[in-house]
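Notes for the structure review
Chain by chain, the residues run as shown.
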Amino acid sequence: MELWLKILYQSIGIVALIICVLSFQIKKNKIFLILQCLSCFLFAVQFFIGKAWAAFIMNSICIMRSLVFAYSKKLKYRITFGIILSLLLIGAGLISIFYFKEIWWIACLCSFASVVGTISIISNNEKIIRYFQLGIVSPCWIINNIFYFSIGGIVGESFNMISALIALIRW
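Our subject in this report is the structure included herewith. Nothing here was measured: the structure is a model prediction, and the numbers come from that model.

**A look at helix α7 (residues 151–170)**
Side chains three or four residues apart in an α-helix point the same way, a direct result of the helix having 3.6 residues per turn. With 20 residues, α7 should reach 28 Å at 1.5 Å per residue; the first-to-last C-alpha distance of 28 Å fits that figure. Within α7, the full set of buried residues consists of Gly-152, Gly-153, Gly-156, Glu-157, Asn-160, Ala-164, Ala-167 and Leu-168. All buried residues of α7 lie within an arc of 125 degrees about the axis, which places them on one face of the element. Across α7 from its buried face, at more than 90 degrees, point the exposed residues Ile-162, Ile-169 and Arg-170. Looking at the buried side of α7, the elements it contacts are α1 (3–23), α2 (29–49) and α6 (126–147).

Okay, here's the thing in structure tokens:
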């Protein structure tokens with residue numbers, strides 16, 4: 001990758017990180033999810049540039065996830081959308097492996113993390129979300145971000161884990 005593209009790649013990830021960190025300062029869930037949507041969009045662009053296909057596709061689907069959960073309150077809708085999104089995420093993992101020739105274990109980690117994150121969000125239970133974030137979602141994404149050397153992604157997921165741990169300790 002050319003130097004200017006590497007700089008662009010890292011810059012987009014850092015802007016996505018800043019938006020992600022700022023989103024945690026928001027009390028209203030809808031605004032939090034909209035900022036998460038923007039962060040996912042920027043990470044999707046970053047991973048597209050870096051040809052990290054599974055991460056690109058998962059973040060693209062998570063844009064929809066954030067929007068759906070920002071505007072749907074009823075549990076039956078959240079469950080229905082969660083099932084549809086989970087199937088899309090699993091399919092996306094397979095597409096990234098078989099079509100884009102993504103490294104299979106990277107694609108599986110990204111898919112697994114995204115499905116678990118989706119299921120935890122459906123619960124609408126802050127403790128459950130934090131436990132899954134700390135134990136599964138962030139560790140899987142950190143591995144992807146190290147593999148594709150996304151500084152914003154590594155720092156962002158580290159922040160997510162620390163934030164989840166602090167919240168769980170406070171509770």
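Let us keep going from here.
**Section: the packing of helix α5 (residues 104–123) against α6**
At a minimum axis distance of 9 Å, the contact between α5 and α6 shows a crossing angle of 155 degrees. Looking at the two axes, α5 sits roughly antiparallel to α6. Note that α5 runs across α6; the crossing there is left-handed. Within the contact between the two elements, α5 uses Trp-105, Ile-106, Leu-109, Cys-110, Phe-112, Ala-113, Ser-114, Val-116, Gly-117, Ser-120, Ile-121 and Ser-123 and α6 uses Ile-128, Ile-129, Phe-132, Ile-136, Val-137, Cys-140, Trp-141, Ile-143, Asn-144 and Phe-147. Classifying every residue of the contact of α5 with α6 by side-chain character gives 17 nonpolar, 5 polar and no charged.

Quick notes on the rules
Residues numbered from 1 in each chain as written. Predicted model: local features only at pLDDT ≥ 70, side-chain atom pairs only at ≥ 80, totals over all residues. Heavy atoms only, no water. Helix = DSSP H or I, 4+ residues; strand = E, 2+ residues; numbered from the N terminus. Expected span 1.5 Å × (residues − 1). Buried < 20%, exposed > 50% of the residue type's maximum accessible area, 1.4 Å probe, protein only. Arc of directions from axis to C-beta. Contact = heavy atoms within 4.5 Å. Axes fitted to C-alpha atoms, helices over the stretch in contact; angles between N-to-C directions. Parallel < 35°, antiparallel > 145°, perpendicular 65-115°, else oblique. Left-handed = near helix turned anticlockwise from the far one by under 90°. Nonpolar A, V, L, I, M, F, W, Y, C, P; charged D, E, K, R; others polar.

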